Amino acid sequence: MKKIYAGVLIALMNFTGMSLYAETRLSGIQANAIVKGASEIILSENSTVPTFINFSENALPEAGDPDLWLRLNFGMSPDFGLTLLSRDNDQIGFVHSRYQQTLNGLPIEGTMWLVHAKNGKIQSMNGVLFPNLKVATTAILGEPDALSKALSKIGATKYKWQSADEEAWLKKEQNDPSASFFPKGQLCYAYDSRKPET
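Basis of the calculations
Residues numbered from 1 in each chain as written. Predicted model: local features only at pLDDT ≥ 70, side-chain atom pairs only at ≥ 80, totals over all residues. Heavy atoms only, no water. Pairing = 2+ DSSP bridges. Helix = DSSP H or I, 4+ residues; strand = E, 2+ residues; numbered from the N terminus. Buried < 20%, exposed > 50% of the residue type's maximum accessible area, 1.4 Å probe, protein only. Salt bridge = Lys/Arg side-chain N within 4 Å of Asp/Glu carboxyl O. Polar contact = N/O pair within 3.5 Å; in protein donor to acceptor, adjacent residues only side chain to side chain. Contact = heavy atoms within 4.5 Å. Core = buried A, V, L, I, M, F, W, Y, C linked by side-chain atoms within 4.5 Å. Arc of directions from axis to C-beta.

**So, the pairing of strand 8 (residues 121–128)**
Consideration 1: Looking at chain direction, strand 3 (residues 47–55) and strand 8 are connected through three bridges and run antiparallel. Bridging from a neighbouring strand, F52 pairs with N126 of strand 8.
Consideration 2: Both strand 7 (residues 112–118) and strand 8 contribute to a ladder of seven bridges, which runs antiparallel. If you follow V115 over to strand 8, its bridge partner there is M125.

See below:
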């Protein structure tokens, strides 16, 4: 019976827009006091950077360098950076740019920052960023161990790189004799969602 109640509670939370994390929505003068020019913001308990910023029409920032804007407005660490992942234009004139946070040039898994601009001005931004992470200076998990853990978690009986036909198709399709489905690890940071600033 408890499982049914838990399922109904989660469904209701999703339906009503409630979050498992505490969020605070501020507008008008309160929003502007935290983010200059903002008409509305949403604050999360997980970061000092709001998860949503909507700007007033008379205070729209230039759609130039969001990295610099974040540094100036939230005191991001000198090692902070953003990597552009994609940029899409929609049918009503907005340009949506999707970024991933980096630290010392390495991506931080679970972070994403979206900038929504129109006519060269930022209308709103949203996502998850962490301004001052404390991180290990050496890798905790090497590429072979990470692959081994991933494979044991997935538990497939056969992978594409183990099929000669699949590998041959990829080499031909890519016109690259070294192309392979074999996974290539990428060094990155991962944060503990229970303690996101570490």
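**Quick word on the environment of I140**
Consideration 1: Here I140 is to be found in the loop between strand 8 and helix 4 (143–154).
Consideration 2: Look at I140 and you get exposed, because its relative accessible area is 79%.
Consideration 3: With 49 residues separating them along the chain, I140 and Y189 place their C-alpha atoms 9.7 Å apart.

**Quick look at the pattern of salt bridges**
Consideration 1: For the coordinates displayed, the defined rule picks out six salt bridges.
Consideration 2: E40 is the salt-bridge partner of R25, the closest N and O atoms lying 2.4 Å from each other. Remark: E40 occurs in strand 2 (residues 38–44) and R25 occurs in strand 1 (residues 23–27); sequence separation between them is 15 residues.
Consideration 3: The partner of K171 in a salt bridge is E167, with the nearest N and O atoms 3.8 Å apart. With a gap of four residues between them, K171 and E167 both fall in helix 5 (residues 164–174), about one helical turn apart.
Consideration 4: Classification of K171 by relative accessible area gives partly exposed; the value is 29%.

**Notes on the side chain of H116**
Consideration 1: In this fold, H116 is placed in strand 7.
Consideration 2: H116 sits in the buried class, given a relative accessible area of 14%.
Consideration 3: Within the local environment of H116, its side chain forms a polar contact with the side chain of H96, the two groups lying 2.7 Å apart.
Consideration 4: Beyond its immediate chain neighbours, meaning those up to four positions away, H116 contacts F94, V95, H96, K121, I122, Q123, S124, M125 and N126.

**Some remarks on the environment of A31**
Consideration 1: For A31, the position within the fold is in helix 2 (residues 29–34).
Consideration 2: Taking the relative accessible area as the measure of exposure, A31 reaches 0% and is therefore buried.
Consideration 3: Separated by 23 residues in the primary sequence, A31 and N54 have C-alpha atoms spaced 9.2 Å apart.

**Quick word on the environment of T51**
Consideration 1: Within the secondary structure, T51 sits in strand 3.
Consideration 2: If near-sequence neighbours (up to four positions away) are discounted, T51 is found in contact with E23, I42, S44, M125, N126 and G127.

**Let's talk about the nonpolar core**
Consideration 1: I53, L70 and W113 are the most contacted members of the largest nonpolar core, which has 21 residues in total.
Consideration 2: Of all the secondary structure elements, the ones that give two or more residues to this core are strand 2, strand 3, helix 3 (66–74), strand 4 (80–89), strand 7 and strand 8.
Consideration 3: Counting five residues, the second-largest nonpolar core is a separate cluster that includes L103, F130, L133 and Y189.

**Focus: helix 3**
Owing to its 3.6 residues per turn, the α-helix aligns residues three or four sequence positions apart on the same side.
Consideration 1: Among the residues of helix 3, those classed as buried are P66, D67, W69, L70 and F74. The buried residues of helix 3 occupy one face: seen down the axis, they fall within an arc of 165 degrees.
Consideration 2: Turning to helix 3, the residues buried within the fold contact strand 3, strand 4, strand 5 (94–103), strand 7 and strand 8.
Consideration 3: The N-capping residue of helix 3, defined by a side-chain oxygen 3.1 Å from the backbone nitrogen of D67, is D65.
Consideration 4: Of the residues trailing helix 3, G75 is marked for its positive phi of about 60 degrees.

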